[in-house]
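Examination of the molecular architecture
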Amino acid sequence: MSEPVIICQNLKFAYPGQEGYALNGINLTVGKGEFLSVIGHNGSGKSTLARLFNGLLTANEGKITVFGKDVSLRENIAEIRRHVGIVFQNPDNQTVASIVEDDVAFGPENLGVEREEIGRRIEWALSAVGMEKFRTATPSRLSGGQKQRIAVAGVLAVKPDVLILDESTAMLDPRGRREVIDVVRRLNKEEGMTIILITHFMDEALLADRTIVLNKGEIALEGTPDKIFENGDALETFNLRLPEISVICQNLRAAGMEIGNDLTPSRLAEDILKNLHSRGIFSAQTGKPKSAQIISDHLWDIDIKNLSYTYSKKSPFATNALKGVNLHIDDGEFFGIIGHTGSGKSTLIQHLNALIKLPQAEKRYHKPKAKKGVVPPPEPSVTIGKFNLADKKTDFKALRASVGMVFQYPEYQLFAETVFADVAFGLKNFNKNLTDEEIEAAVKSSVEIVGLNYEEVKDKSPFDLSGGQKRRVAIAGVIVTKPHILVLDEPAAGLDPKGKKEIMELLHKLHEEWCKTVIIVSHDMDEVAENCTRAAVISEGRVFDCAVCADLFARESELRALGLDVPLTVKISSLLAENGIAVQSDCTAKDFTSKVIGIYGGANA
Amino acid sequence: MLNDVTFGQYYPGKSFLHRADPRTKLLALIAFIVLLFVSNNFYSLLACAALLFLAILLSRLPLGSVLRSIKGIIFILVLTSVLNLFFHGGERLLFQWKFIKIYLEGVVFTVFLVLRLFFLVMASSVLTLTTTPVSLTDGIESLLKPLKYIKFPVHELALIMSIALRFIPTLIDETNRIISAQKARGADFESGNIFKRIKAIVPILIPLLISAFRRAEELGDAMDARCYTGSKNRTKYKKLHFGARDAAVFAAFAVLIAGVVLLNIYAAQIFPQIYEYLRLSR
């Protein structure tokens, strides 16, 4: 190994007032120029470790040395922080100034760097993250990925030798994640910067030279990513999951194919082709996937026509969020809405329960007078079941009780003293005549269906629960009114891999037993492909396409041109198709794998 | 509710006034206000108004945006006008009805007062319309710098102001999100009596406070991690520079100050007949 920059010896740390160690006996050496990824479930101690490395926290036992300096000595802290920079999770909470260059200047200013040199550093740091054009921009008007790149630049301007990213991509959409990860890889390769990447995304962890898996404050596994991701069962016990691609590899191997531990779609496609070629299969075609039949009585169909919306109308900052959206969602669907941050998808779903009302439904609406020679724009309309949202007289309260809306990070909206009171809040708002028994019964059943123990949590403060539990309570607080339609904005955002899987399982359960229609807004293509029957792609305020997943993702090149990703299976399929093997799957890993095996096994017969 | 995500009154532009140094503009506003109150006759007031309208022309702001600022003080204007009109004594009685007496001096004084307040508010809004809150903060910090020598925490104050400005849009977004989320759960913020409405705010306020504290904590960590140790040995990247524009502004003000002083002294001798009518009682 190259010269060590960080050495931890038997590191132990406990948060005051909490039982047990958050970190319990960590021994770790990070080499100069290394790219290390750290994965582990929520609460495994990943972030604690990052904070110990630059003295934001102080270890109870053990020793950390950074560039030969002991972190536990106060006089070393200033110098250590100059060497070790951290980029945190939420880009909004690390920006100090309202102008990009002022924010990047903050670090060097603190170090007393001279003005001219600060100017040079700003230039260098911004170009390192590809944001030189935004030098005088306002961070709050940038996208998540751009904001986070500014945060990276702010840390780079201090000229650290080690860059720690503490779940810095967790709150970003795929484009933003890609932007940040590209920057980090380039810094590692070109500038030789040591990188410690803490992440929940297995596909990011794969990019490192070395990966460590933390479990309950201890290093459970350590090694190169392909070694780590060989063993799915072990990861599962640490509340992690194999990356999707490793699962496909495993299943193909189980079917007798010779597949290495491929971690990129192109290597996997090559391996599959090699196997097929060895059996003399050079071209093949599978049947089209069966499209899932939805038995629907169409009582609660959602129909949107000509929907447009402009923020800050008549001001210099007016932005068109929606530009003529037409969309129909059948009663009973598990529907996906895909789009970047800022594509208009949040504006769209807020129309579904009249949080944003159609102009005709506003109290003071006057029909615009027709001008001569100007064709008036078509009137927008939204109907949901029997509710006409363009009508002033519609009972919007009843509508909201029927269309449940779970916002992003819903746990941040909890407020009551007990879980019971928080869940009952919506119920009491919508129906003032319920008896205590009725309320209790409804709260109990909704807390139970989200997978919590009612007796255990009902009197607890929601703020004392774990992150995953809080989110469940927040969902219970929405479904307690038994809505027909449940809309969720990024329901799995920020959760660890196991938490994500559990939330998706919960949504399927709700879809079967509780709410007829479930609509999820997501920017994770694999999540949509695995879970939704149909999906719509929203781009720049318009519906790009709305179709079953297989047809939607078949337009791969167009989606990529919009800056969107496609599911993993589509990536592999298209590489195979270039070589004569046409696998038409419904985009789920399961269907894809079985079809590949079908082609492979088919040659046996 | 909180629909407008834009903050402050800043009206983007690249005019002469937009580019002038914020310190110049701040000092000019202070000087202007002082001159308004020093003016004791309509001629002086007219001189101030001339400079104000020159400034508005140079700022290329739509006149409407400047006039709109008056909306906020209309109530005060009407109230003081009525009081002055009815209770200002004088010699030349214009109108009498029972105990209500209106004198010419009262009318003149009321007009004078209203104009003065008008100009004051318009001038302040020219400043806020042409200056971003950020450069305003920079300007204030720079002007307060001498107070460092009496141990006044100028840097800390400026940092607090700039962080507050930085987080206003973020917190407005957050508030909107929480309001939407609670509305989706049937919360009603628009009806009921005052007590009901105050109670209805709790589901917004608590999540907002919790999140503000969480943000503060994270921001603190991020600042520590970026080597923040207070104002000691700190340099500042942004330096404000006075330029030709600022010299022009100062020159204009020198002329105005001289003008107001002279007019204050010699007002009675300019068009004496008119002056006699517009004389403010003393």
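About the criteria used
- Residues numbered from 1 in each chain as written.
- Chains lettered and ligands numbered in written order.
- Predicted model: local features only at pLDDT ≥ 70, side-chain atom pairs only at ≥ 80, totals over all residues.
- Heavy atoms only, no water.
- Pairing = 2+ DSSP bridges.
- Helix = DSSP H or I, 4+ residues; strand = E, 2+ residues; numbered from the N terminus.
- Axes fitted to C-alpha atoms, helices over the stretch in contact; angles between N-to-C directions.
- Contact = heavy atoms within 4.5 Å.
- Domains from an automatic or database assignment.
- Buried area = accessible area lost by both parts, 1.4 Å probe.
- Salt bridge = Lys/Arg side-chain N within 4 Å of Asp/Glu carboxyl O.
- Polar contact = N/O pair within 3.5 Å; in protein donor to acceptor, adjacent residues only side chain to side chain.
- Nonpolar A, V, L, I, M, F, W, Y, C, P; charged D, E, K, R; others polar.
- Buried < 20%, exposed > 50% of the residue type's maximum accessible area, 1.4 Å probe, protein only.
- Right-handed = clockwise from strand over helix to strand, strands pointing away.
- Expected span 1.5 Å × (residues − 1).
- Core = buried A, V, L, I, M, F, W, Y, C linked by side-chain atoms within 4.5 Å.

Okay, the sheet that holds strand β21 (residues 542-548) of chain A next. Residues and elements named next belong to chain A. Reading across from one edge, β17-β18-β19-β14-β20-β21 is the order of the six strands in this open sheet, with mixed pairing throughout. For this open sheet the edge positions go to β17 (403-406) and β21, each flanked by a neighbour on one side alone. Neighbour to neighbour, the strand axes of the sheet diverge by 15° on average, direction disregarded. Strand contacts of helix α17 (residues 467-479): β17 and β18 (485-489), with the helix running at about 160° to β17, the strand carrying the most contacts.

On to the domain arrangement of chain B, then. All names here are of chain B. Per the domain assignment, the segments making up chain B are domain 1 (1-153 + 240-282) and domain 2 (155-230). The C-alpha-based centres of domain 1 and domain 2 are spaced at 35 Å. Tallying the contact residues gives 13 residues for domain 1 and 15 residues for domain 2. Across the domain 1 to domain 2 interface the summed buried area is about 1,200 Å²; carbon plus sulfur atoms make up 76%. Our count for the domain 1 to domain 2 interface comes out at zero salt bridges. Applying the counting criterion to the domain 1 and domain 2 interface returns three residue pairs in polar contact (both at pLDDT 80 or more). Class assignment for the residues of the side of domain 1 that touches domain 2 results in ten nonpolar, one polar and two charged.

Moving on, we come to the interface of chain B and chain A. Every contact between the two is made by 48 residues of chain B and, on the other side, 60 residues of chain A. Here chain B and chain A share an interface that buries about 4,800 Å² over both sides, 56% of which is from carbon and sulfur atoms. When the buried surface of chain B facing chain A is broken down by residue, R185(B), R226(B) and Y237(B) rank first, second and third, together holding 21% of it. Where chain B touches chain A, the interface holds six salt bridges. The residue D221(B) makes a salt bridge to R51(A) at a minimum N-O spacing of 2.3 Å. At the boundary of chain B and chain A, one finds 19 residue pairs in polar contact (both at pLDDT 80 or more). Elements represented by at least two residues in the side of chain B that touches chain A include exactly α8 (154-184) and α9 (194-225) of chain B. The leading source of residues in the side of chain B that touches chain A is α8(B), at 15 residues. Looking at the side of chain B that touches chain A residue by residue, the class counts come to 25 nonpolar, eight polar and 15 charged.

Before going further, it helps to examine the pairing of strand β19 (residues 517-522) of chain A. Residue and element names in this part refer to chain A. With six of six residues buried, β19 lies mostly within the body of the structure. Judged by which residues are buried, β19 turns out to be covered on both faces: T517, I519 and V521 on one side and V518, I520 and S522 on the other are all buried. Of the strand pairs in this sheet, β18 and β19 are connected by five bridges, and their pairing is parallel. Bridge assignment links L488 to a residue of β19, and that residue is I520. Following the chain from β18 across helix α18 (residues 497-513) to the adjacent parallel β19, one finds a crossover that is right-handed.

Take α17(A) next. All names here are of chain A. For α17, with 13 residues, the first-to-last C-alpha span of 19 Å sits near the 18 Å given by 1.5 Å per residue. Along α17, the positions that sit buried rather than exposed are R471, R472, V473, A474, I475, A476, G477, V478 and I479. In this structure, the buried side of α17 is in contact with β17, α14 (419-430), α15 (436-449), β18 and α18.

One finds I338(A), I475(A), I479(A), L510(A) and F553(A) to be the most contacted residues of the largest nonpolar core, which totals 52 residues. Broken down by element, the residue count for this core peaks at six residues, all from α17(A). In this structure, L510(A) is in contact with I449(A), I475(A), I479(A), L486(A) and C515(A), ignoring residues within four places of it in sequence. Judged by nonpolar contacts, the second largest core, of 36 residues, contains L51(B), L61(B), F112(B) and L256(B).

Residue and element names in this part refer to chain A. In this sheet, strand β13 (residues 319-329) lies alongside strand β12 (residues 302-311) in antiparallel orientation, the contact comprising eight bridges. Bridged to D303 within β13 is H328. With four bridges joining them, β12 and strand β15 (residues 381-384) adopt antiparallel strand pairing. Bridge pairing links K305 to S381 in β15.

As a further point, take the environment of S162(B). Here S162(B) is to be found in helix α8. Its relative accessible area of 22% is what places S162(B) among the partly exposed residues. With 60 residues separating them along the chain, S162(B) and A222(B) place their C-alpha atoms 16 Å apart. Setting aside residues up to four positions removed in sequence, S162(B) forms contacts with V96(A), S98(A) and T137(B).

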